[in-house]
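Per-entry structural report
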2 protein chains.
Amino acid sequence: MYRTHNCGELRIQDVSKSVVLSGWIQRSRDLGGMTFIDLRDRYGITQLVFNMDANASLCNEARKLGREYVVQVEGTVTERSNKNPKMPTGDIEIIVEKLTVLNASLTPPFTIENETDGGEEIRMKYRYLDLRREPLKNNLLLRHRMAFEVRNYFNMNQFIEIETPVLIKSTPEGARDFVVPSRVNPGQFYALPQSPQTFKQLLMIAGYDRYVQIVKCFRDEDLRADRQPEFTQIDCEMSFVHQQDILDMFEGMVKHLFKTVKNIEFSEPFPRMTYDEAMEQYGTDKPDIRFGMPITEITSIAKGKGFGVIDSAAYTGGICVHGCSEYSRKQLDELTEYVKRPQIGAKGLLYVKYGTDGSLKSSVDKFYQPDELKKWADAIKAQPGDLLLIMAGEKISTLKALGELRLEMGNRLNLRPKDVFKPLWVLDFPLLEWDEEAKRYFAMHHPFTSPKTDDIELLDTQPGKVRANAYDMVINGTEVGGGSIRIHNEDLQKKMFSLLGFTDEEAQRQFGFLMHAFRYGAPPHGGIAFGFDRLVAIFAGEDSIRDVIAFPKNNAARDVMIDTPSEITAEQLKELSIKIDIR
Amino acid sequence: MYRTHNCGELRIQDVSKSVVLSGWIQRSRDLGGMTFIDLRDRYGITQLVFNMDANASLCNEARKLGREYVVQVEGTVTERSNKNPKMPTGDIEIIVEKLTVLNASLTPPFTIENETDGGEEIRMKYRYLDLRREPLKNNLLLRHRMAFEVRNYFNMNQFIEIETPVLIKSTPEGARDFVVPSRVNPGQFYALPQSPQTFKQLLMIAGYDRYVQIVKCFRDEDLRADRQPEFTQIDCEMSFVHQQDILDMFEGMVKHLFKTVKNIEFSEPFPRMTYDEAMEQYGTDKPDIRFGMPITEITSIAKGKGFGVIDSAAYTGGICVHGCSEYSRKQLDELTEYVKRPQIGAKGLLYVKYGTDGSLKSSVDKFYQPDELKKWADAIKAQPGDLLLIMAGEKISTLKALGELRLEMGNRLNLRPKDVFKPLWVLDFPLLEWDEEAKRYFAMHHPFTSPKTDDIELLDTQPGKVRANAYDMVINGTEVGGGSIRIHNEDLQKKMFSLLGFTDEEAQRQFGFLMHAFRYGAPPHGGIAFGFDRLVAIFAGEDSIRDVIAFPKNNAARDVMIDTPSEITAEQLKELSIKIDIR
């Protein structure tokens with residue numbers, strides 16, 4: 001070893017020990033007679049002291065060391081006269097007796113500090129330097145810890161981690177696949193898995209009743225904020241379970257993580273809410289319930305007063321923003337602009353200011369008298385001093401817009417603190433979604449999701465009304481996991497594929513192996529997959545999953561550090577029996 | 001839950017409990033008045049009883065159940081009159097009161113028994129049924145347990161598991177890459193990693209001094225026995241360590257696995273042997289030391305007696321096979337045929353029978369008198385009753401052939417039991433291998449391996465003589481892991497690339513990011529990667545890694561169950577800007 005101790009472990013009780021440390025020069029302070037150096041490694045920082053009087057040549061050597069040089073020092077642990085209570089090693093310093101430069105360093109292109117001066121692009125190119133910064137280091141340590149505790153929990157619960165293949169088969173349903181040309185089978189391709197879905201179902205059929213895998217998955221999607229072409233799932237499946245059993249087991253995992261990693265105890269079960277409730281109250285299927293401010297419908301109260309916008313709307317609803325009755329014209333205009341942004345696409349925003357004096361002023365005073373506005377306020381449970389924000393229009397899009405507005409108000413009022421965690425389950429998702437453009441149904445979760453037994457007869461008559469045994473776990477407005485009870489019967493699976501517009505031949509070619517397997521004693525089963533990157537990001541309080549991935553790709557799906565994707569040789573193309581064909 | 005208990009846990013103390021079990025019908029015995037059914041799940045088998053007198057209709061239902069039906073039963077635990085001490089649940093049985101068929105099953109195409117009647121091909125196609133068999137199930141359970149304990153060990157030792165990317169850059173050095181066309185960057189490709197080598201080195205440069213990852217790697221190789229296009233490594237790297245520290249740490253991991261998984265304690269350090277010693281004594285760099293029978297050189301003793309084969313040979317050596325002096329002509333002919341097989345390619349085999357009476361008879365009696373043969377016998381440490389097997393020729397190929405012959409004799413004499421484990425380290429590998437065909441050196445380990453400090457000056461004069469700080473761990477004749485101390489200096493790395501025939505431009509294009517990173521404070525570091533599939537196979541006593549992989553590919557790199565690789569759509573090809581080009 002190049003060291004007897006790391007840079008984070010020496011304490012006052014180690015004083016007078018001879019030690020060897022190795023690490024990077026974090027910073028250096030030359031005070032003339034003395035030179036102080038902060039030596040850094042993964043475990044912390046230890047102060048080194050070089051004294052001109054005691055050893056001038058050594059001190060002169062130390063003065064020459066630049067930032068990020070890698071050095072090894074031998075010396076003696078000494079009590080500091082000037083202790084630093086902010087550092088775990090702040091009680092001691094090392095009087096250095098021997099110094100070895102293990103490697104020099106050019107001056108890094110940005111500072112290796114918690115708040116760096118480097119822009120996103122340069123830090124991605126020099127990711128190995130960015131990873132030296134403490135915030136990123138702590139994120140990767142957290143990620144390790146979480147993965148470890150996930151595995152601990154599942155091991156305790158008799159789950160088996162089983163690796164499923166990465167070179168699998170392309171299936172056009174869902175997102176685009178990344179494909180891999182086969183050299184040995186010219187003209188044929190593997191695909192990288194978007195999830196191990198069919199394999200974990202086959203494992204259930206094989207009798208491995210509790211499966212887990214922390215596994216890389218791949219999606220060749222167009223650029224969207226905070227997506228990565230490769231991402232990590234905690235992929236899980238269980239047999240002989242009902243939905244309730246699954247919710248309990250995986251809620252248990254998340255509680256275990258909060259307890260062991262963040263020392264946060266959830267003694268109550270997570271709230272459970274249906275998809276319909278979530279949409280009606282929060283305008284989204286992933287509500288942030290760190291704060292209230294639910295959406296309330298006032299369609300019937302508000303209609304028929306001659307105001308065209310509301311009279312012609314299928315739905316009118318609003319939220320009550322506590323204590324904001326004094327919002328200025330400018331603030332209200334900002335909010336109107338906010339909901340009119342193309343991402344939200346609302347036509348406008350109405351407001352009612354419920355003054356602390358009990359007065360009611362609105363943007364629709366022309367059509368509504370105070371006593372009518374009072375009915376709105378009562379319905380939305382407003383108090384004097386509150387601000388009502390109202391929208392009207394087609395039901396679902398209005399609810400969604402109100403949901404976005406609610407989040408924005410939560411941000412403005414600091415109601416979404418990063419160190420408060422509010423998980424919940426959203427249940428009873430619709431089985432199918434109608435796609436107006438493709439003129440057909442798509443599976444809301446995936447084609448293997450089981451409809452609710454009570455709704456099976458609706459499959460033939462009103463497929464859009466069928467609810468699925470599907471569930472999402474949501475934390476702080478982010479979907480961190482989703483799953484379903486699966487179909488385990490060949491006929492029902494065939495019916496699903498046909499509803500999704502598959503011909504029998506297509507279904508057979510793509511998923512024949514699974515339907516075939518259903519004939520040989522498939523047990524009832526279901527599961528869930530958690531987005532591990534997102535879960536870590538939430539625990540870390542980071543907005544972007546990039547900050548919890550060691551080597552992420554940029555928004556153009558490039559790794560700018562290693563410069564990939566890149567060209568391959570003509571020889572490689574020939575061996576793979578493919579040609580570049582840019583049109 | 002569809003059960004209160006699993007099929008492996010009920011014992012005599014559970015008698016009279018009401019229970020619900022779910023599982024598969026393993027077998028059924030209809031004795032007229034009684035029907036007995038073995039119900040199976042992952043945890044074991046429990047006997048169910050249906051009594052015609054007690055409930056005729058239920059018993060009739062039970063009689064109809066076929067093999068591999070999935071059923072749920074409710075009943076009462078009862079003490080068996082006829083106990084089965086071979087089964088953990090053999091003291092009890094379930095008097096069934098209610099029976100629900102959860103799913104029917106066609107008759108499986110092979111028996112789900114420890115010794116099945118199904119051939120390799122059909123079992124691969126129906127892998128989900130093959131995985132129900134106990135030997136495969138136990139292998140996957142073992143694999144889970146080993147992965148879990150590997151992570152435990154490294155977590156205890158402050159390693160961090162960090163995920164490195166799967167979509168990386170193609171580098172022609174080494175085996176062939178699998179590549180992935182980029183849709184967003186037309187004409188460009190990702191490659192799947194043959195190992196995370198450069199990324200783990202970047203992590204060392206980033207300061208993560210103890211890295212581990214259990215990770216899928218990919219090699220597009222031509223068919224070879226027991227290789228898989230995707231395989232799993234335990235990939236590890238450490239900073240601020242010397243070779244000795246690495247050997248200790250990873251020997252510790254293997255000992256931890258043997259202790260926790262197989263309850264085998266290794267109290268002594270694993271033997272350490274140089275590459276040269278291994279080649280001289282065992283004719284291989286991965287010696288099986290479960291048995292002795294070392295190779296001994298007798299070149300100088302044997303030469304000059306007029307026997308052309310030996311006189312013209314650079315090397316003569318042999319092994320002593322204990323107690324086999326009575327081998328018949330047929331047996332000796334078999335051995336001669338064995339070494340003449342193209343895989344070994346020897347020209348012939350000489351023998352000396354050292355009779356129990358002290359007589360010495362050989363296949364070269366024409367040239368060697370008994371007193372001369374006695375010198376051979378003494379050199380090879382033979383005793384009366386032993387058989388000497390001798391080969392002569394070019395040194396390395398003769399040693400290799402003798403090594404193969406030694407293993408064959410080990411097999412014939414049952415000296416290689418699967419439940420005995422003999423790990424060792426092989427050290428001091430050559431840095432470079434000369435390739436006669438390509439007329440250039442190749443890296444024996446990989447281009448990042450550090451030469452021994454003492455040998456660095458030979459790099460310019462006799463590169464073939466340079467030894468590397470490289471090491472392999474070998475168990476029972478199989479290389480299970482290999483690694484090296486890495487180069488952490490840009491100039492030395494450049495020199496290595498130039499020795500390997502890279503132009504500066506090529507080196508820069510492919511590995512510029514790493515050499516660039518060396519300029520920013522790269523610490524001394526080194527690591528190792530274990531072939532996890534192989535390690536599990538050895539622990540499981542399996543010859544093939546396929547038997548420890550849930551969904552392996554066949555020798556043509558196909559998954560015959562899901563039928564992949566397969567064709568993709570014209571639309572996909574167009575989006576990826578590639579064309580099929582079969583010549």
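Chains are numbered independently. Their residues run from 1 in the order of the written sequence. Chain A is the first chain written and ligand 1 is the first ligand written, with later ones labelled in order. The model is predicted, so local features are restricted to residues of pLDDT at least 70 and side-chain atom pairs to those at 80 or more, both for listing and for counting; the totals for chains, interfaces and linings are taken over all residues. Side-chain metrics in this entry use all non-hydrogen atoms of the structure; hydrogen atoms and water are not considered.

Here the focus is the overall build of chain A. Going along the chain from the N terminus, every DSSP run of H or I of four or more residues is numbered as a helix, and every run of E of two or more is numbered as a strand. Helix and strand counts for chain A stand at 17 helices and 23 strands. If you line up chain A on its principal axes, its C-alpha atoms span 90 × 75 × 55 Å. Whether a residue is buried, partly exposed or exposed follows from its accessible area with a 1.4 Å probe, protein chains only, as a fraction of its type maximum: under 20%, in between, or over 50%, in that order. For chain A, buried positions account for 58% of its 583 residues. We call two residues contacting when some pair of their heavy atoms lies within 4.5 Å. In chain A, once contacts between residues fewer than 6 apart in sequence are set aside, the share between residues at least 24 apart is 65%. Here chain A displays about 23800 Å² of accessible surface, and carbon together with sulfur accounts for 48% of that area. Under the counting rule used here, the positive set is Lys and Arg, the negative set is Asp and Glu, and His together with the chain ends is not counted. Think of each charge as sitting on NZ of Lys, CZ of Arg, CG of Asp or CD of Glu. Taken as two groups, the 75 positive and 85 negative side-chain charges of chain A have centres that lie 2 Å from each other. Note on areas: Shrake-Rupley with a 1.4 Å probe; residue coverage comes only from the protein chains shown.

Residues and elements named next belong to chain A. Each Phe, Tyr or Trp ring (for Trp, its six-membered ring) is paired with any other whose centre lies within 6.5 Å, and the angle between the two planes then decides the class: stacked below 30 degrees, edge-to-face above 60, tilted in between. One pass over the structure, following the stated rule, counts 52 aromatic pairs over all chains. Taking 6.1 Å as the distance between ring centres and 75 degrees as the angle between the ring planes, the aromatic pair formed by F159 and F250 counts as edge-to-face. Of this pair, F159 sits in the loop between α4 (134-156) and β6 (160-161) while F250 sits in helix α6 (residues 243-262), placing them 91 residues apart in sequence. Here the two residues F159 and F250 agree in accessibility, since each one is buried. Following the ring pairs from residue to residue traces out a cluster consisting of Y153, F154, F159, F250 and F530. Charge-over-ring contacts are defined here by two conditions on Lys NZ or Arg CZ: a distance within 6 Å of the ring centre and an angle within 35 degrees of the ring normal. Over the ring of F291 we find R406; its NZ or CZ atom is 4.0 Å from the centre of that ring.

Turning our eyes to something else, we now look at the relation of the copies chain B and chain A. Residues below a pLDDT of 70 in either copy are left out; the C-alpha atoms of the rest, at least 70 in both, set the least-squares superposition of the copies. Under the fitted operation, chain B is carried onto chain A by 0.0 Å of movement along the axis and a turn of 180 degrees, and the coordinates agree to an RMSD of 0.1 Å. Here the symmetry operator amounts to a two-fold rotation axis. When the interface residues of chain B are mapped onto chain A, 100% of them are again interface residues, pointing to one common binding face.

Here the focus is the domain arrangement of chain A. Domain boundaries shown here were taken from an automatic or database domain assignment. Along its sequence, chain A is carved into domain 1 (12-103), domain 2 (138-272 + 424-548) and domain 3 (291-416). For domain 1 of chain A versus domain 2 of chain A, the separation of C-alpha centres amounts to 51 Å.

Let's shift gears to the environment of A556(B). Structurally, A556(B) is set in the loop between α16 (532-540) and α17 (570-575). In the structure, A556(B) is positioned 334 residues away from D222(B) in sequence and 8.7 Å away in space, judged by C-alpha atoms.

So, about empty space enclosed by the protein. Definitions used for this entry: grid spacing 1 Å over protein atoms alone; cavity, a set of points where a 1.4 Å probe fits but cannot get out; pocket, an open set with protein on both sides within 12 Å along at least 5 of 7 lines; lining residue, one with an atom within 4 Å of a point. Grid points are joined across faces, edges and corners, and a volume is the space filled by probe spheres set on the points. Evaluation of the coordinates by the stated rule reveals 9 cavities of 30 Å³ or more. Counted as a void, the largest cavity has a volume near 490 Å³. What lines the largest cavity is a set of 32 residues, among which I214(A), V215(A), I214(B), V215(B) and K216(B) lie closest to the centre. Among the elements of the structure, α4 and β9 (210-218) of chain A together with α4 (134-156) and β9 (210-218) of chain B are those that each provide at least two residues to the lining of the largest cavity.

Once that is clear, we can look at the interface of chain B and chain A. Contact with chain B, which involves 125 residues of that partner, is made by 125 residues of chain A. The three residues of chain B that bury the most area against chain A are M1(B), F240(B) and Y520(B), which together make up 7% of that side's buried surface. For this document, the term salt bridge refers to a Lys or Arg side-chain nitrogen within 4 Å of an Asp or Glu carboxyl oxygen. As a salt-bridge pair, E163(A) and R143(B) come within 2.8 Å of each other at their nearest N and O atoms. In protein, a polar contact means a hydrogen-donor-capable atom and an acceptor-capable atom, both N or O and within 3.5 Å, with residues adjacent in sequence counting only if both atoms are side-chain atoms; elsewhere, any N or O pair within 3.5 Å suffices. At the boundary of chain B with chain A, the tally comes to 75 residue pairs in polar contact (both at pLDDT 80 or more). Of the residues forming the side of chain B that touches chain A, the biggest block, 10 residues, is contributed by α4(B). Charged means Asp, Glu, Lys or Arg here, nonpolar means Ala, Val, Leu, Ile, Met, Phe, Trp, Tyr, Cys or Pro, and polar covers whatever is left, Gly included. For the side of chain B that touches chain A, the per-class residue count stands at 67 nonpolar, 26 polar and 32 charged. The pairing criterion is simple: DSSP has to find at least two bridges between the two strands. Relative to strand β23 (residues 578-580) of chain B, strand β23 (residues 578-580) of chain A is paired through 3 bridges, and the arrangement is antiparallel. Looking at β23(B), one finds that I578(A) is bridged to I580(B). Put simply, buried area is the surface a 1.4 Å probe can reach on two separate parts but cannot reach once they are joined, added for both.

Turning our attention to helix α12 (residues 395-412) of chain A. All names here are of chain A. By this rule, a helix spans an expected 1.5 Å times one less than how many residues it contains. Its 18 residues place the ends of α12 26 Å apart at the C-alpha level, agreeing with the 26 Å of an ideal helix rising 1.5 Å per residue. For α12, the complete set of buried residues consists of T398, L399, A401, L402, G403, L405, R406, E408, M409 and G410. Taken together, the buried residues of α12 touch α7 (275-282), β13 (315-321), α10 (329-340) and β16 (387-393). Capping the start of α12, E394 holds a side-chain oxygen 3.3 Å from the backbone nitrogen of I396, two or three residues further along.

The next point concerns the sheet that holds strand β22 (residues 525-531) of chain A. Residues and elements named next belong to chain A. Across the sheet, which stays open at both edges, the 8 strands sit in the order β6-β9-β10-β22-β21-β20-β17-β11 with mixed pairing between neighbours. Two strands bound the open sheet, and with one partner strand each, they are β6 and β11 (272-274). Inspection of the sheet shows strand β21 (residues 478-485) paired to β22 by 5 bridges, in the antiparallel sense. Each residue of the ladder has a partner; that of S484, found in β22, is G527. Fitted lines through C-alpha atoms give the axes, limited to the stretch in contact for helices. The angle between two N-to-C directions lies from 0 to 180 degrees. Here helix α16 (residues 532-540) sits on the sheet in contact with β10 (230-239), β20 (470-475), β21 and β22, set at roughly 105 degrees to β10.

Another aspect to go through is the sheet that holds strand β17 (residues 423-427) of chain B. The 8 strands lie next to each other as β6-β9-β10-β22-β21-β20-β17-β11 (chain B), forming an open sheet whose pairing is mixed. Strand pairing shows two members of the sheet lacking a second neighbour, β6 (160-161) and β11 (272-274) of chain B, which therefore form its edges.

Residue and element names in this part refer to chain B. The buried count for β9 comes to 9 of 9 residues, which makes it a mostly enclosed element. Residues R210, V212, I214, K216 and F218 point to one face of β9 and Y211, Q213, V215 and C217 to the other, with burial holding for every one of them. The pairing of β6 with β9 spans 2 bridges and is parallel. Pairing of E161 across the sheet is with V212, part of β9. Where β9 lies against strand β10 (residues 230-239), 9 bridges are found, and the strand directions are antiparallel. Across the sheet, residue F218 finds its bridge partner in β10, namely E230.

Glancing now at helix α1 (residues 56-63) of chain A. Residues and elements named next belong to chain A. Taken together, the buried positions of α1 are L58, C59 and A62. Along the axis of α1, the buried residues cluster in a sector spanning 100 degrees; they form a single face. Against β2 (34-41), β3 (44-51) and β5 (92-103) lie the buried residues of α1. Along the arc lie the directions from the helix axis toward the C-beta atoms.

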